[in-house]
Amino acid sequence: MTESAEVLIQAEHIPSYAHPGDAGADLTSTEALTLAPGERRTVGTGVSIALPDGFAAFVVPRSGLASKHGITIVNSPGTVDAGYRGEIKVALLNTDTSVAYDIAVGDRIAQLIVMPVTRAVFVPVEHLPGSARGVGGFGSTGTTTLPSGS
Ligand SMILES: O=c1ccn([C@H]2C[C@H](O)[C@@H](COP(=O)(O)OP(=O)(O)OP(=O)(O)O)O2)c(=O)[nH]1
Ligand SMILES: [Mg+2]
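Residues numbered from 1 in each chain as written. Chains lettered and ligands numbered in written order. Predicted model: local features only at pLDDT ≥ 70, side-chain atom pairs only at ≥ 80, totals over all residues. Heavy atoms only, no water.

For ligand 1, the full set of nearby residues is V59, N75, G78, T79, V80, D81, Y84, E87, I88 and K89. At a separation of 3.1 Å, an oxygen atom of ligand 1 approaches a polar side-chain atom of N75. A distance of 2.8 Å is found between a nitrogen atom of ligand 1 and a backbone nitrogen or oxygen belonging to K89. In the complex, the protein chains occlude 48% of the 570 Å² of accessible area that ligand 1 would expose alone. For the shell around ligand 1, the element with the highest residue contribution is strand β8 (residues 78-80), accounting for three residues. (Near = heavy atom within 4 Å. Polar contact = N/O pair within 3.5 Å; in protein donor to acceptor, adjacent residues only side chain to side chain. Areas by Shrake-Rupley, 256 points an atom, 1.4 Å probe, with all protein chains shown as cover. Helix = DSSP H or I, 4+ residues; strand = E, 2+ residues; numbered from the N terminus.)

This part is about unusual backbone geometry. Glycine aside, residues mostly have negative phi angles, and peptide bonds mostly take the trans form. Of the consecutive residues S76 and P77, the connecting peptide bond is found in the cis state with omega at -5°. You can see P77 is positioned in the loop between β7 (71-73) and β8. Even without being glycine, F138 reaches a positive phi, approximately 50°. With respect to the helices, strands and loops of the structure, F138 is situated in the segment after β11 (108-116). Residue F138 is classed as exposed on the basis of its relative accessible area, which comes to 95%. (Buried < 20%, exposed > 50% of the residue type's maximum accessible area, 1.4 Å probe, protein only.)

This part covers the nonpolar core. Core analysis: the largest hydrophobic core is formed by 22 residues, its most contacted members being I49, V59, V80, I88, L92 and L112. The biggest single contributor to this core is β11, with three residues. Once you skip the residues sitting within four places of it in the chain, I49 turns out to touch V7, L8, I9, A57, V80, Y84, R85, I88 and L112. (Core = buried A, V, L, I, M, F, W, Y, C linked by side-chain atoms within 4.5 Å. Contact = heavy atoms within 4.5 Å.)

Take a look at the structure:
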């Protein structure tokens with residue numbers, strides 16, 4: 001990862017990248033709580049940032065919490081706008097149907113990915129240009145392996 005951007009921050013715990021080259025910086029919980037099976041809760045991180053213009057940050061789940069415990073984020077990826085100055089919060093969901101999940105203060109609950117974004121200039125038209133895909137979507141190509149060369 002070669003690109004970097006300066007992001008102004010106020011935080012109890014500065015989000016940290018676990019390894020060089022990681023895309024996501026881990027966000028920690030400011031609260032101790034237990035997520036009952038099926039429960040969702042919006043949890044504080046104690047982090048407020050000012051992104052440069054032309055950037056956004058995305059709050060995304062940690063794969064370990066998801067695969068081991070079923071902990072995900074309801075609105076993933078949560079979008080943090082460049083103009084947002086409030087506390088970044090994480091809308092956690094325990095998808096497990098039988099096991100509660102305990103979170104302690106300082107636990108890493110999500111990760112933040114900072115990315116450049118493009119604002120669209122929407123141009124209304126009568127007809128959209130054709131494309132190879134056309135209107136096919138939502139599984140239109142099936143699930144089995146495509147023939148090689150396609
Ligand atoms: O996971 C998230 C998603 C959003 N936000 C903050 C930053 C973002 O800039 C703001 C608004 O988010 P969004 O636009 O997704 O929510 P909304 O429901 O459309 O609220 P609003 O009407 O304030 O835009 O909430 C978070 O802290 N965590
Ligand atoms: Mg919004």
